There are 4 protein chains.
Amino acid sequence: MKALRPETSRPVRSKAKSVERWNQLLLEATRLFRDRGFAATSMQEVSDAVGLLKGSLYYYVRSKEDLLVAILHDLHHRGEEIVSEVDLDSADPLHELYRYLCKLIVYAAENADRLSIFFRDFRFVPKGQQATIIRKRDMYREMAEQLIGRAIAAGQIPEAVNPAIASRTVLDGVSGIHEWYRKGGSLPLAQVADQIAGLLVAGLSQYQSRREN
Amino acid sequence: MKALRPETSRPVRSKAKSVERWNQLLLEATRLFRDRGFAATSMQEVSDAVGLLKGSLYYYVRSKEDLLVAILHDLHHRGEEIVSEVDLDSADPLHELYRYLCKLIVYAAENADRLSIFFRDFRFVPKGQQATIIRKRDMYREMAEQLIGRAIAAGQIPEAVNPAIASRTVLDGVSGIHEWYRKGGSLPLAQVADQIAGLLVAGLSQYQSRREN
Amino acid sequence: MKALRPETSRPVRSKAKSVERWNQLLLEATRLFRDRGFAATSMQEVSDAVGLLKGSLYYYVRSKEDLLVAILHDLHHRGEEIVSEVDLDSADPLHELYRYLCKLIVYAAENADRLSIFFRDFRFVPKGQQATIIRKRDMYREMAEQLIGRAIAAGQIPEAVNPAIASRTVLDGVSGIHEWYRKGGSLPLAQVADQIAGLLVAGLSQYQSRREN
Amino acid sequence: MKALRPETSRPVRSKAKSVERWNQLLLEATRLFRDRGFAATSMQEVSDAVGLLKGSLYYYVRSKEDLLVAILHDLHHRGEEIVSEVDLDSADPLHELYRYLCKLIVYAAENADRLSIFFRDFRFVPKGQQATIIRKRDMYREMAEQLIGRAIAAGQIPEAVNPAIASRTVLDGVSGIHEWYRKGGSLPLAQVADQIAGLLVAGLSQYQSRREN
DNA sequence: TATGAATGAGCCTTCATTCAT
DNA sequence: AATGAATGAAGGCTCATTCAT
């Protein structure tokens, strides 16, 4: 999880200290944005948290939104790895989906703060930078949709399943964990992941309509 | 879903015209809060939307938060009905769950705006009024957990399923629709609901662990 | 203490009820202005106190300042009587001063609310109407100054006494009672008045400089 | 009389320039509050007076009330010295009282602005901070009451004098000067002080009831 | 690197007052 | 006589941001 400074930031000289501060900044900002929301967090609070004066923040950041963008970039940066590890040509696409979902669940739980900020405060990302982030988010679902398609083709999922809807349902079931998962619960995270992914994958493979009217 | 004025609001005998304005206010505020977020929506924008001066809003509302609370009360008011219609003693608890989920899905889709506000901006509800609303939200999940418990007891769901986690997964899969459903899509809402609820219910009944390590 | 409506008020028809309301208005306004100050009292509070809606006040009053002016007029109206009862040609001007002061003290105690408003909020009286009220206030002191002058001429007060200063001191000592006197104290008001007036009159007649440098 | 920043104010190491501004702020605010009253003075007016933008005031102050409190603290800060200089065990308590009153008079005249604000606008001090200030004010009178008690015991004041009332009368006579004293009058302040204090002290020592009924 | 002072725009809210009914 | 709805101006305060030092 390398912390990336915004590409256009001001000149950097002494790396060590500077990078440290930047990471600290990101950390505290994440905590604050998560707790109070982006709009309701003031730069004053951020600067208090890192022990700088308000004005000094602008040596590290060009704007409050910079912080938000950095946090969200960080989030999806890691996520991309997970997506790239998927084997679309697996002989058992359903199980491949299971593995993919498990990783997403663990990832969502471990990045609950960032994810929460993403879901709530994405709209405060400057319009020009929204597309990049949205594309990454869509990537998660599209990968799920593709795997579902393969599994249908392979006969592992009934054709009655609508991949567009199912992929969304599955992703919603997976990412919702950021709202309720707390570290140190009774179940190990890996087991929680199996419960969720197992349920969703089973649902896909066994789906049948129960419509009455 | 009659829009209820907060009890604390001034005028008691609200004449026709007044009620109209109040509903209009709620409508526009909902739209704006949904689009821009509560914190980033100004009373100026709300008043512009209803054709009043900023200050005039306070004839109807005692604070910006009042608007938020009114919107969220409205939301859960309707939801309570759905919960109360559930037959906990049904001979087929799994199917009862399916029906419950379907209603929730339709409800979530039809109230996507309010739900979105709830998920994003609940934190701006004054502390003193948060509990009431939270309790209502918990109700949805607890009902699902109870039905899952009954279904396990009835042998419709394997005992390996953890009701606490499963109920959360199910609720997340259901409520997530507020993020992506748009009226007038290719599928009728009832069919979308069946896709989601069918998948989740099948997943519950057919869950099996795929854990590898 | 006849309550006078401002001369230019709107047409009056049914006298009884109207006058009643007006008196009630003055009473409540006096209480509120005294307790919260003129500037910090809202017409809303006044209307609440008399059981009318805010807008309805303007049937009785042309402006908030009208209320203030009416209260202060009332105050000095009564006071004028006291001044006019003084016998400037008394053979014992010092004792005449004592009697005058006693009446003022009783009056100040009984009108503590109005007096308090006068001292604190006179500045909110519209500029055009300030002169009239100021003139009345000056009247009290000028009468004291005149009596002191007579007493000096009669040899009852040493010539070293400066009437301008002494009259102010005496008036300050007298009117200060509005700040601390509470009905139902241990001493009857008449006795309190004697204590104050007795002290001041004795001081006038026995003054002697103690200046050291 | 160094102007003390409220402890709660942000910056800790106030550089020269900052202190200057703060003093200027206090000065102008005092003038404005005195002239227009606290409630009727806007922060806009204050900021205009010191040449800042309205919002910039809040770099120095946390609220309008902060300014008021600072002004009143300053006032009584100096006053405490005067009280502490009194020799309660003086062999001539009456004369000690005279000296005490003289100092108070000079002090009241020199701080007429602040005193005026105190008398008129004390009620706008936040409830939590009122007690501290009230206690200081009471101190002035209580000291007078004690000295009167000593003088009675020493036979310098007749026993008929009620110390509670007399001390109030004396204080009222003394502090009233803030309303009418203007610098550069015909009499030097020291002489004015002697006139007032001399009168009051003579009154105490020579008081006799003149009650008729 | 960081500070301290200031900006400027905007925000939520209050309130005296008006006026058609 | 009184109501109910609305106005319009102002008020206190917050905050992201800038910049000389």
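Residues numbered from 1 in each chain as written. Chains lettered and ligands numbered in written order. Predicted model: local features only at pLDDT ≥ 70, side-chain atom pairs only at ≥ 80, totals over all residues. Heavy atoms only, no water.

So, the pattern of salt bridges
The test is simple: Salt bridges are defined as contacts in which a side-chain nitrogen from Lys or Arg sits within 4 Å of a carboxyl oxygen from Asp or Glu. Numbering of helices and strands runs from the N terminus; a helix is a DSSP stretch of H or I covering at least four residues, while a strand is a stretch of E covering at least two. Buried residues are those whose accessible area, probed at 1.4 Å on protein chains only, stays under 20% of the maximum for their type, while exposed residues exceed 50% and partly exposed ones sit between those limits.
Here the structure, examined in full by the defined rule, presents 42 salt bridges over all chains. Put simply, Arg31 of chain A and Glu28 of chain A hold a salt bridge, and the shortest N to O gap is 2.6 Å. With Arg31 of chain A and Glu28 of chain A both in helix α1 (residues 15–36) and three residues apart, the pair spans about one turn of that helix. Taking relative accessible area as the criterion, Glu28 of chain A reaches 17% and is therefore assigned buried. When the shortest N-O distance is used, the salt bridge between Arg34 of chain D and Asp113 of chain D registers 3.1 Å. With Arg34 of chain D in helix α1 (residues 16–36) and Asp113 of chain D in helix α5 (residues 112–121), the pair connects residues that are 79 residues apart, well separated along the chain. Arg34 of chain D gets classed as buried once you look at its relative accessible area, which sits at 17%.

Focus on the relation of the copies chain B and chain A
Relating the two copies of this chain is a rotation about some axis coupled with a shift parallel to it. Applicable threshold: Copy-to-copy superposition: least squares on the C-alpha atoms, limited to residues that have pLDDT of at least 70 in both copies. Note on contacts: a residue pair is in contact if any heavy atoms of the two residues lie within 4.5 Å.
The operation relating chain B to chain A is a screw motion whose rotation component is 180 degrees, with 0.0 Å of axial translation and a residual RMSD of 0.2 Å. What the superposition gives is, in effect, a two-fold axis relating one chain to the other. Using C-alpha coordinates, one finds that chain B approaches the rotation axis most closely at Gly203 of chain B, a distance of 1.6 Å. Most of the interface of chain B is mirrored in chain A: 100% of its interface residues are interface residues there too.

Some words on the protein's contact with DNA strand F
Heads up, the rule is: If a single non-hydrogen atom of a residue is within 4 Å of a molecule or strand, that residue counts as near it. Any residue that is not Ala, Val, Leu, Ile, Met, Phe, Trp, Tyr, Cys, Pro, Asp, Glu, Lys or Arg is counted as polar, Gly included; the first ten are nonpolar and the last four charged.
As a matter of local geometry, DNA strand F sits amid 35 residues, with Met43 of chain A, Tyr59 and Tyr60 of chain B, Tyr60 of chain C together with Tyr58 of chain D nearest to it. A share of 68% of the atoms of DNA strand F within 4 Å of the protein falls on sugar and phosphate groups. Elements with a contribution of two residues or more to the surface near DNA strand F: α3 (64–84) of chain A, α1 (16–36) of chain B together with α1 (15–36) of chain C. The class makeup of the residues in the surface near DNA strand F is 12 nonpolar, 14 polar and nine charged.

Thoughts on the packing of aromatic side chains
Between two aromatic rings, the relevant description is the distance of the centres plus the angle of the planes. Formally: Each Phe, Tyr or Trp ring (for Trp, its six-membered ring) is paired with any other whose centre lies within 6.5 Å, and the angle between the two planes then decides the class: stacked below 30 degrees, edge-to-face above 60, tilted in between.
Applying the stated rule across the entire model yields 20 aromatic pairs over all chains. Ring plane angle 75 degrees and centroid distance 5.0 Å describe the contact between Phe33 of chain B and Phe38 of chain B, whose orientation is recorded as edge-to-face. Classification of Phe33 of chain B by relative accessible area gives buried; the value is 1%. A relative accessible area of 2% places Phe38 of chain B in the buried class. By way of ring pairs, the aromatic residues Phe33, Phe38 and Phe124 of chain A are connected into one cluster.

Focus on the interface of chain B and chain A
The condition is simple: Buried area, as used here, totals the accessible surface that two parts lose on assembly, with accessibility defined by a 1.4 Å probe and the loss added over both. Contacts described as polar in this section are N or O atom pairs within 3.5 Å, which, within protein, must combine one atom able to donate a hydrogen with one able to accept it, while residues neighboring in sequence count only if both atoms come from side chains.
In this assembly, 50 residues from chain B lie in contact with 50 residues from chain A. Together, Arg123, Leu199 and Arg210 of chain B form the three largest contributors to the area buried by chain B at its contact with chain A, with a combined 18%. Where chain B meets chain A, there are two salt bridges. One can count 24 residue pairs in polar contact (both at pLDDT 80 or more) joining chain B with chain A. Secondary structure elements with two or more residues in the side of chain B that touches chain A: α1, α4 (93–110), α5 (112–121), α7 (163–175), α8 (177–180) and α9 (189–206) of chain B.

Overview of the interface of chain C and chain D
Each partner contributes residues to the interface: chain C has 50 residues there, and chain D has 50 residues. Contact between chain C and chain D buries roughly 4,100 Å² in total, counting both sides, with carbon and sulfur atoms accounting for 58%. Contact with chain D buries area across many residues of chain C, yet Arg123, Leu199 and Arg210 of chain C alone supply 18% of it, more than any other trio. Linking chain C to chain D there are two salt bridges. A salt bridge links Arg99 of chain D to Glu212 of chain C; its shortest N-O distance comes to 3.8 Å.

Here's the deal with the domain arrangement of chain A
Residues and elements named next belong to chain A. Convention followed: For the domains described, the bounds stem from an automatic or database domain assignment.
What the domain assignment reports for chain A is domain 1 (15–62) and domain 2 (66–206). Each of domain 1 and domain 2 was reduced to a C-alpha centroid, and the two centroids are 29 Å apart. At the junction of the two partners, domain 1 supplies 14 residues and domain 2 supplies 15 residues. Across the contact surface, domain 1 and domain 2 share two salt bridges. A salt bridge links Asp66 to Arg62; the nearest nitrogen and oxygen atoms lie 3.3 Å apart. The tally of links between domain 1 and domain 2 comes to four residue pairs in polar contact (both at pLDDT 80 or more). Taken together, the elements giving at least two residues each to the side of domain 1 that touches domain 2 come down to α1 and α2 (43–50). Each residue belonging to the side of domain 1 that touches domain 2 can be placed in one class, and the counts come to 10 nonpolar, two polar and two charged.

Looking at the packing of helix α9 (residues 189–206) of chain A against α9 of chain B
Heads up, the condition is: Note on method: axes are straight lines fitted to C-alpha atoms, helices fitted across the in-contact stretch only, with angles between N-to-C directions ranging 0 to 180 degrees. Roughly parallel here means an angle under 35 degrees, roughly antiparallel means over 145, roughly perpendicular means 65 to 115, and every remaining angle is called oblique. Crossing handedness follows the turn of the near helix against the far one: under a right angle anticlockwise gives a left-handed crossing, and clockwise gives a right-handed one.
The geometry of α9 of chain A relative to α9 of chain B is characterised by a closest axis approach of 7 Å and an angle of 110 degrees between their N-to-C directions. Judged on the interaxial angle alone, α9 of chain B and α9 of chain A are roughly perpendicular. Where α9 of chain A crosses over α9 of chain B, the handedness of that crossing is right-handed. Here α9 of chain A contributes Leu199, Leu200, Ala202, Gly203, Leu204 and Gln206 of chain A to the contact with α9 of chain B, which in turn contributes Leu199, Leu200, Ala202, Gly203, Leu204 and Gln206 of chain B. Each residue belonging to the contact of α9 of chain A with α9 of chain B can be placed in one class, and the counts come to eight nonpolar, four polar and no charged.

A short note on the layout of surface pockets
Here is the rule we go by: Points on a 1 Å grid, built from protein atoms alone, make a cavity when a 1.4 Å probe fits but cannot get out and make a pocket when they are open with protein on both sides within 12 Å along at least 5 of 7 lines; residues with an atom within 4 Å of a point are the lining residues. Grid points are joined across faces, edges and corners, and a volume is the space filled by probe spheres set on the points.
Of the volumes computed, that of the second largest pocket is approximately 1,200 Å³. Along the wall of the second largest pocket there are 44 residues; nearest its centre are Asp172, Ser175 and Gly176 of chain C together with Asp172 and Gly176 of chain D. Along the lines of polarity and charge, the residues of the lining of the second largest pocket split into 21 nonpolar, eight polar and 15 charged.

Some words on the relation of the copies chain C and chain D
Between chain C and chain D, the superposition needs a rotation of 180 degrees and an axial shift of 0.0 Å, giving an RMSD of 0.1 Å. By residue overlap, the copies meet face to face through one surface: 100% of the interface positions of chain C are interface positions in chain D.

Examining helix α2 (residues 43–50) of chain C
Every α-helical turn comprises 3.6 residues, leaving residues that sit three or four positions apart pointing alike. All names here are of chain C. Heads up, the rule is: Starting at the helix axis, one direction is taken to each C-beta atom, and the arc is that of these directions.
Met43, Val46, Ser47 and Val50 are the residues of α2 that are buried. Each buried residue of α2 lies within a common arc of 95 degrees when the element is viewed along its axis, so the set occupies one face. Downstream of α2 by one or two residues, Gly51 has phi in the positive range, about 75 degrees.

Examining the packing of α9 of chain A against α7 of chain B
Helices that pack against each other are described as a pair by the angle of their axes relative to one another and the distance between those axes. Two numbers describe how α9 of chain A lies on α7 of chain B: the axes approach to 10 Å, and their chain directions differ by 50 degrees. Considering the angle they form, α9 of chain A stands oblique to α7 of chain B. Taken as a pair, α9 of chain A and α7 of chain B cross one another with a handedness that is right-handed. Here Val192, Gln195, Ile196, Leu199 and Leu200 of chain A of α9 of chain A come into contact with α7 of chain B, specifically with Ile165, Ala166 and Thr169 of chain B. For the contact of α9 of chain A with α7 of chain B, a count of residues per class yields six nonpolar, two polar and no charged.

Observations concerning the confidence of the model for chain A
Quick note on the threshold: For every residue, the predictor reports its confidence as pLDDT, a number between 0 and 100.
This prediction gives chain A a mean pLDDT of 92; 92% of its residues lie at or above 70. Confidence over residues 1–13 of chain A falls short of pLDDT 50; this stretch has 26 contacts with residues more than four positions distant or in other chains.

So, the arrangement of the chains
In this assembly chain A lies apart from chain D, the nearest approach of their C-alpha atoms being 10 Å. Between chain B and chain D there is no contact, and the shortest C-alpha to C-alpha separation is 19 Å.

Description of the environment of Glu96 of chain D
Residue and element names in this part refer to chain D. Following the sequence through the fold, Glu96 ends up in helix α4 (residues 93–110). For the pair Glu96 and Leu147, spaced 51 residues apart in the sequence, the C-alpha separation amounts to 7.7 Å. The contact partners of Glu96, leaving out residues within four places of it in the chain, are Glu85, Val86, Asp87, Ser90 and Leu147.

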